[in-house]
Amino acid sequence: MVRQIEDLVSELATLRAENGVLRTEVREAVSMMERVSSSLAGRRPGPAKVGGRPASGNGRRAGRGRARGRATPAGVTVDVVKAVLAKLGEATAAEVAAEITRAGAPVSGRAVRFLAERAGAQTSVGQDGQRRYRLG
């Protein structure tokens, strides 16, 4: 039971970090839409404010320092997720992500969930309430 709680805490921390990145992306998208709206209305776009703070407007993700693009490493594919699921049998997205990350390709549980669905993995909810994946 302690292991399950530790797993839940770990997955919660991962989700919070991912949510922070998503919040930043939403702020940037709102800022961009405001600038586009101003431009289409014939007004000169000024610095947009999002949530009471000036938007960065530099087209980059906050904290990552890289241009927008694929967030998941190119080496992490549906086939990689299938292979890890074959090795583990049944696992949560966080467990699969941890296994792939240990192999040298850092990936999030959210990306694994997306790829597992594309891989045709069967989904079930375990007794601990976590979504689990396995190959069918």
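Right above here is the structure, for reference.
Quick caveat: nothing in here was measured; it's all calculated off a predicted structure.

Draft legend 1. Structural view of the overall build of the protein chain. A count of helices and strands for the protein chain gives four helices and five strands. Listed N to C, the secondary structure of the protein chain is α-β-β-α-β-α-α-β-β in terms of helices and strands. Buried positions account for 26% of the 136 residues belonging to the protein chain. Long-range pairs, those at least 24 residues apart, make up 52% of the contacts in the protein chain between residues at least 6 apart in sequence. Taken as a whole, the protein chain presents about 8900 Å² of accessible surface, with 55% of it coming from carbon and sulfur.

Draft legend 2. Spotlight on the sheet that holds strand 5 (residues 131–134). Reading across from one edge, 3-5-4 is the order of the three strands in this open sheet, with antiparallel pairing throughout. Each edge of the sheet is formed by a strand with only one pairing partner; in this case those strands are strand 3 (90–92) and strand 4 (122–125). Averaged over all pairs of adjacent strands, the angle between strand axes in this sheet comes to 35°, irrespective of strand direction. Bridge count between strand 4 and strand 5: four bridges; the pairing is antiparallel. Bridge pairing in strand 5 links Ser-124 to Arg-132.

Draft legend 3. Representation of the nonpolar core within the structure. Judged by nonpolar contacts, the single largest core of 16 residues is most densely connected at Val-81, Leu-85, Val-96, Ile-100, Val-107, Val-112 and Tyr-133. When residues of this core are traced back to their parent elements, those giving at least two are helix 2 (78–88), helix 3 (93–102) and helix 4 (109–118).

Draft legend 4. Broad picture of helix 2. Residues of helix 2 that are buried: Val-81, Val-84 and Leu-85. Taken down its axis, helix 2 places every buried residue within 100° of arc, on the same side. Exposed side chains of helix 2 directed beyond 90 degrees from the buried face belong to Asp-79, Ala-86 and Lys-87. Those residues of helix 2 that are buried are in contact with helix 3, helix 4 and strand 5. Note on helix 2: the residue one or two positions beyond its end, Gly-89, has a positive phi of about 85°.

Draft legend 5. Looking closely at the pattern of salt bridges. Per the counting criterion, the structure on display carries nine salt bridges. Between Arg-134 and Glu-90 there is a salt bridge; the shortest N-O distance is 3.1 Å. Separated by 44 residues along the polypeptide, Arg-134 in strand 5 and Glu-90 in strand 3 bring together distant segments of the chain. Exposure remark for Arg-134: the relative accessible area of 31% places this residue in the partly exposed category.

Draft legend 6. Inspection of a nonpolar patch on the surface at higher detail. Together, Met-32, Met-33, Val-36 and Leu-40 make up a nonpolar patch on the protein surface, roughly 450 Å² of accessible area in all. Take Met-32: it is sitting in helix 1 (residues 2–40). In this structure Met-32 comes out as partly exposed when scored by relative accessible area, which is 45%.

Draft legend 7. View of the packing of helix 3 against helix 4. One way to put it is that helix 3 packs onto helix 4 with a least axis distance of 8 Å and a crossing angle of 105°. Taken together, helix 3 and helix 4 sit at an angle that is classed as roughly perpendicular. Residues Ala-93, Val-96, Ala-97 and Ile-100 of helix 3 touch helix 4, and the partners they reach there are Gly-109, Val-112 and Arg-113. Its residues assigned to classes, the contact of helix 3 with helix 4 comprises five nonpolar, one polar and one charged.

Reading the values: the criteria
- Residues numbered from 1 in each chain as written.
- Predicted model: local features only at pLDDT ≥ 70, side-chain atom pairs only at ≥ 80, totals over all residues.
- Heavy atoms only, no water.
- Helix = DSSP H or I, 4+ residues; strand = E, 2+ residues; numbered from the N terminus.
- Buried < 20%, exposed > 50% of the residue type's maximum accessible area, 1.4 Å probe, protein only.
- Contact = heavy atoms within 4.5 Å.
- Areas by Shrake-Rupley, 256 points an atom, 1.4 Å probe, with all protein chains shown as cover.
- Pairing = 2+ DSSP bridges.
- Axes fitted to C-alpha atoms, helices over the stretch in contact; angles between N-to-C directions.
- Core = buried A, V, L, I, M, F, W, Y, C linked by side-chain atoms within 4.5 Å.
- Arc of directions from axis to C-beta.
- Salt bridge = Lys/Arg side-chain N within 4 Å of Asp/Glu carboxyl O.
- Patch = residues over 30% accessible without salt bridge, like charges linked within 9 Å, V, L, I, M, F, W, Y side chains within 5 Å.
- Parallel < 35°, antiparallel > 145°, perpendicular 65-115°, else oblique.
- Nonpolar A, V, L, I, M, F, W, Y, C, P; charged D, E, K, R; others polar.

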